[in-house]
Amino acid sequence: MNKAKLSPFLQNNYDNYYEEGDSEWRWLGALDKAENIKSLCKDLPIDSVIEIGAGEGSVLKRLSELKFAKEYYALEISPTGVETIRNKNIPDLKECSLFDGYRTPYENHKFDLAILSHVVEHVEYPRLLLYEAKRIAKYVFVEVPLEDTIKLPLDFHFAKTGHINFYSPRTFRALIQTCNLNIIDQKVTNQSKGVYTFQKGKKGLVNFYIKECLLKIFPRLATEIFTYHSSIICK
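Note that the coordinates shown come from a computational prediction; the quantities given were computed from them, not determined experimentally.

Caption draft 1: Spatial organisation of the packing of helix α2 (residues 24–40) against helix α7 (residues 193–217). One way to put it is that α2 packs onto α7 with a least axis distance of 9 Å and a crossing angle of 160°. Classified by the interaxial angle, the pair formed by α2 and α7 is roughly antiparallel. In terms of crossing hand, the pair formed by α2 and α7 is left-handed. Contacts from E24, W25, L28, G29 and D32 in α2 reach G194, V195, F198 and Q199 in α7. Tallied by class, residues from the contact of α2 with α7 come to 4 nonpolar, 3 polar and 2 charged.

Caption draft 2: Here's a closer look at the pairing of strand β3 (residues 93–98). Sheet topology note: the strand β2 (residues 71–76)/β3 ladder contains 5 bridges and is parallel. Across the sheet, Y73 pairs through a bridge with E95, a residue of β3. As for the winding sense of the linkage, the β-α-β connection from β2 through helix α4 (residues 79–88) to β3 is right-handed.

Caption draft 3: The arrangement of the sheet that holds strand β6 (residues 183–189) in detail. Read across the sheet, 7 strands follow the order β3-β2-β1-β4-β5-β7-β6 without closing on themselves; strand pairing throughout is mixed. Pairing within the sheet leaves two strands with one partner each, and these edge strands are β3 and β6. Put simply, the sheet's adjacent strands are angled 15° from each other on average, direction ignored. Alignment of β6 against strand β7 (residues 228–234), held across 6 bridges, turns out to be antiparallel. Bridge assignment links D185 to a residue of β7, and that residue is I233. Packed on one face of the sheet, helix α3 (residues 58–65) meets β1 (48–52), β2, β3 and β4 (111–117) and runs near 175° to β2. Relative to the sheet, helix α5 (residues 126–136) contacts β1, β4 and β5 (137–146), its axis offset from that of β5 by approximately 150°.

How each quantity is defined
Residues numbered from 1 in each chain as written. Predicted model: local features only at pLDDT ≥ 70, side-chain atom pairs only at ≥ 80, totals over all residues. Heavy atoms only, no water. Axes fitted to C-alpha atoms, helices over the stretch in contact; angles between N-to-C directions. Helix = DSSP H or I, 4+ residues; strand = E, 2+ residues; numbered from the N terminus. Parallel < 35°, antiparallel > 145°, perpendicular 65-115°, else oblique. Left-handed = near helix turned anticlockwise from the far one by under 90°. Contact = heavy atoms within 4.5 Å. Nonpolar A, V, L, I, M, F, W, Y, C, P; charged D, E, K, R; others polar. Pairing = 2+ DSSP bridges. Right-handed = clockwise from strand over helix to strand, strands pointing away.

These results come straight from atomic positions and should not be treated as a statement about function.
Pasting the structure below:
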């Protein structure tokens, strides 16, 4: 039986992580994340969705707006996240609950799709969480930031973002495969213009075009220099 649980240190970091409620920044990011989910799952029969580590619910809210599925469920370790999700009144959200970071209360293959969007970089035992997602869903969508670049410091320093695992396209792919999950498709994406301009205005727009062009022309080099996002759909 899986007896792993989130360490008190990490739990304390996330307890009040979403106490500010909704934010424009998270909503802009959710637009990109939802688009990646929709793109990679476009040929799959998806009626029921569970998001594991649902944050403050922006991704589920956007998927609901897109009529992506018929039923949505959410699990989150942060009490402030659960409260914010419930306050969103997302159409077709059937359940939103706290969980311990690794174990879920659902039977095998209950859902068509489990989503872990920007989650596994936060957890101490990512494979345990992926095994659980695999158990309760027919398909699993995973997205991470590709932060294993030349800019990654030699020594680790904990930041409030809570990232403790750092991936490249190859190591991300290996993580999925070592959980005995079969990869259907993988893609690497740049964040949208809106994210960059929200952060840095016109300078952000320049950064967007530099990263976008490099990703198209020299994709491997691009991910060695800059941080992008990578998404995988698997079963």
